[in-house]
Every structure is written in structure tokens, then in C-alpha cells.
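Chain by chain, the residues:
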Amino acid sequence: ADAVKTSNYEIDPMDVGILGDSSSGNITLTLPNMGDKSPGRQYNIKNVGTANKCVVNTGDSKLIDGVASVDLGAKGAATFLACSSSAGGYFWSVL
């Protein structure tokens, strides 16, 4: 996994595993904007903090399974996200 993030962070397209430590306060991890090279991009994201929220949101108008963000509120909560495309454009899915 990449380094533990203890504050708001814009996820780099080259990141794969992101550990968010929300022990000191709520943090937001922002997915990169989608583009032609996005389909197939995947991220494992986990909240390793002992308190507070770790929220994952999109960096553009795209949604994650129809919602603007995913709340990883409990220690150990995790999500696996994948970018896909369809005739309607690009979207994020929780797998």
C-alpha cells in the first residue's frame, strides 16, 4: 500500500492501495478525474484510524454507484473501487 494519509488527499492515478488514518479528524480522499485512460483503474482504500470519518469522493461530476461519496466511518472499514465505462460514459463501482 502507499503511505498512510492523515489529512485530505487527492488520490494519484498511480496509487493502488490507500490507507486513511482519520484518528486526528475527518479526512477526505478524492478520486482522480476520469478520462480516456481511466477504465480498469482500481483502488483499495481502508480507514485505519481509531476515530472519525474517512470519506472517499469523486474529483469530478461522476458518481460512485449512484452516490457522490463513500463513508468509511469505522476503523477497518474498506472499499475496493473500479472505474468502468459504458455507452453513457465513465463511472465508479464498489466491487
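Structural data are supplied above this passage.
Here is what the cut-offs are and how they apply
Residues numbered from 1 in each chain as written. Predicted model: local features only at pLDDT ≥ 70, side-chain atom pairs only at ≥ 80, totals over all residues. Heavy atoms only, no water. Pairing = 2+ DSSP bridges. Helix = DSSP H or I, 4+ residues; strand = E, 2+ residues; numbered from the N terminus. Buried < 20%, exposed > 50% of the residue type's maximum accessible area, 1.4 Å probe, protein only. Core = buried A, V, L, I, M, F, W, Y, C linked by side-chain atoms within 4.5 Å.

Caption draft 1: Local environment of the sheet that holds strand β3 (residues 17–20). One open sheet accounts for five strands, arranged β1-β3-β5-β8-β9; its pairing is mixed. Only two strands of the sheet have a single neighbouring strand rather than two, namely β1 (4–5) and β9 (89–94). Here β1 pairs with β3 via two bridges, running parallel. Bridge pairing in β3 links Lys5 to Gly20.

Caption draft 2: Summary view of unusual backbone geometry. Its identity as a non-glycine residue notwithstanding, Asn52 has a phi of 70°, on the positive side. Looking at where Asn52 falls in the secondary structure, it is placed in the loop between β5 (42–47) and β6 (54–57). Asn52 sits in the partly exposed class, given a relative accessible area of 34%. The backbone of Asp65 sits at a positive phi, close to 50°, despite the residue not being glycine. Structurally, the position occupied by Asp65 is in the loop between β6 and β7 (69–72).

Caption draft 3: Representation of the nonpolar core in the model. Among the nonpolar cores identified, the biggest contains 16 residues, and Leu31, Ile45 and Trp92 are the most heavily contacted of them. Elements supplying a minimum of two residues to this core: β4 (27–30), β5, β6, β7 and β8 (78–86).

Caption draft 4: Representation of the sheet that holds β4 within the structure. With mixed pairing, the four strands of this open sheet are ordered in space as β2-β4-β6-β7. Each of the sheet's edge strands pairs with one partner strand only, and the pair in question is β2 (9–10) and β7. Sheet topology places β2 next to β4; two bridges connect them, and they run parallel. Directly across from Tyr9, in β4, lies its bridge partner Leu29.

From the geometry alone we can't say anything about function, so treat these as descriptive.
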